[in-house]
Amino acid sequence: MFFNKNYSKWIRPILYVLDLFILVLFIYFFLSKNIKDIIFFLFFWIILSIFFSFYKVYRFTKIIKIISLLSKQTTVFLLLIVTYLYLNSSNLSPTVILKFFIILFFSLNIWRTFLHITFRNYRVITGSNYKRVIIIGSNDSTHKLQIFFNKEIGFGYKFIGFFSNNKNIFKLGTIEESFDFILNNEIDEIYCSVKELSNKQIKAFIDFCDINVKNLKFIPDNKELFSKNLRLNYYDITPILSLREIPLDDSINSILKRSFDILFSVFIIVFVLSWLIPILGLIITLESKGPIFFQQNRPGIKKKGFGCYKFRSMTLNSRSEDSATRNDVRITKVGRFIRRTSIDELPQFFNVFFGSMSVVGPRPHLWRQNEIYGTKVPKYMVRHFVKPGVTGLAQVKGYRGEIESKEDIINRTKYDIFYIENWSLILDLGIIIQTVINIFKGEEKAY
């Protein structure tokens, strides 16, 4: 079979060639038949694919990640093409260039998604092109990994069994016995739980796998780390393992997100707030005395304070630093409606436009909440590595509003950190869509 272990290494190079062939066809029919132009455009594509790690797609890569890579690659590719055509005084119309971009983007998305799904189904149906894996250690994390291997057959992993010094589990042997088993049973990858290994044992596995050319991977202790988005770099010849990589630290990602924020906030300000403010402002002032807007200083990116705007939903009171609770007597009748539908948050698009907030990000907490949870909830302050958002991943997952238990703030922090470490425009769009759906569905903690 073509896709067995011996030939699967050729899949990625063949995909490179097929992508370039598709690209040449589109360039030829839409942009230019000049060989020099085609070569330049292909050169742009290849350089960008290296820069963005466009072809670093593995069997465990999610489709949303593939789409995110395609979005970034094709957008910057378009900018380079436009610059090239401008410098060469091309008379191509913007409509033709835009048509080329749209057709290329959707064609590649359909093509790559189709291939990804096809390979998964191929593994499920034929049982080939899989990797034989074992797990060293037995705990919650390793059992979750076992469930993943057994459930997601399409990813191409065949779980063989556990090795552990724990006597109370079903296992193939002890940790020491795993070395001979790996050699005698053609094991491809070994997943070790750091929690159950000493430094000496970890070194032994590293040396063993280096000598026997086996893939070694480590499972972090989730009680210590909410996420383990590790990256290996070298400072001269010294290896440095980075705990956290933040996509928005990349200047291109930051520009993309800021551009999206400006466009989206302008749309909301012009087409929604322009008529909503006079109408809702009148209703708010008729029900209770006070201003239309409520402004509160909250911690933003790098813990810098900013004035967060809302439509006023409460009567004037001296407890502005206290979060709203269920059946809070301070909330007005119109306030109850606009809080339940999240309309009270819409003025924050002015914050987005002026740059103190983003459309999507961790929700801005109160300063008092920072003081309470900053030292008690691990990784809580990581939330301030990016701008706060009008909506966020934690909110659409149900962790919004009042913090009623320790689990609420722990889970909210987990989702916020996941968002920070896995940001993409596709993820932002998904969160925005889910936010709108939740508004119409209604949320239990929207009060």
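Please refer to the structure placed before this passage.
Residues numbered from 1 in each chain as written. Predicted model: local features only at pLDDT ≥ 70, side-chain atom pairs only at ≥ 80, totals over all residues. Heavy atoms only, no water.

Asker: Account for the overall build of the protein chain, naming residues and giving values.
Answerer: The number of helices and strands found in the protein chain is 14 helices and 10 strands. Burial status across the protein chain gives 44% buried among its 447 residues. For the protein chain, contacts bridging at least 24 residues in sequence account for 70% of all contacts bridging at least 6. Roughly 24,700 Å² of accessible area belongs to the protein chain as shown, and the carbon and sulfur atoms make up 63% of that amount. (Helix = DSSP H or I, 4+ residues; strand = E, 2+ residues; numbered from the N terminus. Buried < 20%, exposed > 50% of the residue type's maximum accessible area, 1.4 Å probe, protein only. Contact = heavy atoms within 4.5 Å. Areas by Shrake-Rupley, 256 points an atom, 1.4 Å probe, with all protein chains shown as cover.)

Asker: Explain the pairing of strand E3 (residues 189–193) to me, using residue names and the numbers behind them.
Answerer: With respect to burial, E3 is a largely interior element, 5 of its 5 residues being buried. Burial along E3 is two-sided: the face carrying Glu189, Tyr191 and Ser193 and the face carrying Ile190 and Cys192 are both buried. Tracing the backbone out of E3, into helix H7 (residues 199–212) and back to the parallel element strand E4 (residues 215–219) gives a crossover that is right-handed. (Right-handed = clockwise from strand over helix to strand, strands pointing away.)

Asker: Pulling in residues and values, what's your account of the sheet that holds strand E1 (residues 131–136)?
Answerer: Across the sheet, 4 strands lie side by side as E2-E1-E3-E4; this open sheet has parallel pairing. Here the strands that pair on one side only, and so sit at the sheet edges, are strand E2 (157–163) and E4. Here the average twist between neighbouring strands, direction ignored, is 25°. Each of E1, E3 and E4 is contacted by H7, which is oriented at about 155° to E4, the strand it contacts most. (Pairing = 2+ DSSP bridges. Axes fitted to C-alpha atoms, helices over the stretch in contact; angles between N-to-C directions.)

Asker: Quick one: what's the story with helix H13 (residues 406–421), residue by residue and with numbers?
Answerer: Its 16 residues give H13 an end-to-end C-alpha distance of 23 Å, which sits within 8% of 22 Å, the value for a rise of 1.5 Å per residue. Listed as buried for H13 are Asp408, Ile409, Arg412, Thr413, Asp416, Ile417, Tyr419, Ile420 and Glu421. Turning to H13, the residues buried within the fold contact helix H8 (251–287), strand E9 (358–360), helix H11 (367–373), helix H12 (393–396) and helix H14 (425–441). (Expected span 1.5 Å × (residues − 1).)

Asker: Break down empty space enclosed by the protein for me, citing the residues and quoting the values.
Answerer: Using a probe with the size of a water molecule, rolled over the atoms, empty space left in the structure can be pinpointed. Tallied over the full model, the rule gives 1 cavity of 30 Å³ or more. In this structure, the largest cavity encloses a volume near 40 Å³. Surrounding the largest cavity, Pro299, Gly300, Ile301, Pro362, Arg363, Pro364, Arg383, His384, Val386 and Pro388 form its lining. Classifying every residue of the lining of the largest cavity by side-chain character gives 6 nonpolar, 2 polar and 2 charged. (1 Å grid on protein atoms, 1.4 Å probe; cavity = no way out; pocket = protein on both sides within 12 Å on 5 of 7 lines; lining within 4 Å. Points joined across faces, edges and corners; volume = space filled by probe spheres on them. Nonpolar A, V, L, I, M, F, W, Y, C, P; charged D, E, K, R; others polar.)

Asker: Residue-level account of a nonpolar patch on the surface, with values.
Answerer: A cluster of nonpolar side chains, contributed by Ile262, Val266, Phe267, Val270, Phe271, Phe353 and Phe354, occupies part of the molecular surface with about 680 Å² of accessible area. Of all the secondary structure elements, the ones that give two or more residues to the nonpolar patch are H8 and helix H10 (348–354). When residues in the nonpolar patch are grouped by element, the largest group, 5 residues, is from H8. Within the fold, isoleucine 262 resides in helix H8. (Patch = residues over 30% accessible without salt bridge, like charges linked within 9 Å, V, L, I, M, F, W, Y side chains within 5 Å. Salt bridge = Lys/Arg side-chain N within 4 Å of Asp/Glu carboxyl O.)

Asker: Describe in detail the pattern of salt bridges, supporting the description with residues and values.
Answerer: A complete count under the given rule lists 8 salt bridges for this structure. In this structure, lysine 310 and glutamate 345 form a salt bridge, with 3.7 Å as the shortest nitrogen-oxygen distance. One end of the pair, lysine 310, is in strand E8 (residues 305–311); the other, glutamate 345, is in the loop between helix H9 (333–340) and H10, and 35 residues separate them in sequence. Of the two residues, lysine 310 and glutamate 345, neither departs from the other in class, the shared state being buried. Aspartate 416 is the partner of arginine 383 in a salt bridge, and the nearest nitrogen-oxygen pair spans 2.8 Å. One end of the pair, arginine 383, is in the loop between H11 and strand E10 (389–391); the other, aspartate 416, is in helix H13, and 33 residues separate them in sequence. Note on accessibility: arginine 383 and aspartate 416 belong to one class, buried.

Asker: So what about the nonpolar core? Which residues, and what values?
Answerer: Membership of the largest hydrophobic core comes to 33 residues, with the highest contact counts inside it found for Leu273, Leu280, Phe311, Phe349, Val359, Tyr419 and Ile431. Every element with two or more residues in this core is listed here: H8, E8, H9, H10, E9, H12, H13 and H14. In terms of residues, this core owes the most to one element, H8, which gives 8 residues. Leaving out residues up to four positions away in the same chain, isoleucine 431 has contacts with Val360, Thr391, Gly392, Leu393, Val396 and Tyr419. Judged by nonpolar contacts, the second largest core, of 29 residues, contains Leu48, Phe54, Tyr55 and Tyr84. (Core = buried A, V, L, I, M, F, W, Y, C linked by side-chain atoms within 4.5 Å.)

Asker: Break down the packing of aromatic side chains for me, with residues and values.
Answerer: Throughout the structure, instances matching the rule amount to 26 aromatic pairs. A ring pair is formed by phenylalanine 41 and phenylalanine 44, whose centres lie 6.3 Å apart and whose planes are at 45°; its orientation type is tilted. Here the residue phenylalanine 41 and the residue phenylalanine 44 both occupy positions in helix H2 (residues 35–51), the gap between them amounting to 3 residues, near one helical turn. This pair shows no difference in class: phenylalanine 41 is buried, exactly as phenylalanine 44 is. Through pairs of rings, three or more aromatic residues link up here, namely Phe148, Phe149, Tyr157, Phe159, Phe162 and Tyr191. Its guanidinium or amino end placed over the ring of phenylalanine 385, lysine 302 lies 5.2 Å from that ring's centre, counting from NZ or CZ. (Phe/Tyr/Trp six-rings, centres within 6.5 Å; stacked < 30°, edge-to-face > 60°. Lys NZ or Arg CZ within 6 Å of the ring centre and 35° of its normal.)

Asker: I'd like a rundown of the packing of H8 against H9, residues and numbers included.
Answerer: The axes of two packed helices give the description: the angle between them and the distance between them. Running from N to C, H8 and H9 point in directions that differ by 140°, and their axes come no closer than 9 Å. The angle between the axes of H8 and H9 places the two elements in the oblique class. Residue-level inspection shows Leu280, Ile283, Ile284 and Glu287 of H8 in contact with H9, the latter providing Lys333, Val334 and Ile338. Grouping the amino acids of the contact of H8 with H9 by side-chain chemistry returns 5 nonpolar, no polar and 2 charged. (Parallel < 35°, antiparallel > 145°, perpendicular 65-115°, else oblique.)

Asker: How would you explain H2 if you had to name every residue and give the values?
Answerer: For H2, spanning 17 residues, the distance from its first C-alpha to its last is 24 Å, which sits close to the expected 24 Å at 1.5 Å a residue. Turning to H2, its buried residues number three or more, namely Asp37, Ile38, Phe41, Leu42, Phe44, Trp45, Leu48 and Ser49. Looking straight down H2, one finds its buried side chains confined to an arc of 150°; they lie on one side. Within H2, the exposed residues directed more than 90 degrees away from the buried face are Ile35, Ile39, Ile50 and Phe51. The backbone nitrogen of lysine 36 lies 2.7 Å from a side-chain oxygen of the residue at the head of H2, namely asparagine 34. Positive backbone phi, at 55°, marks serine 53, one or two positions downstream of H2. (Arc of directions from axis to C-beta. Polar contact = N/O pair within 3.5 Å; in protein donor to acceptor, adjacent residues only side chain to side chain.)

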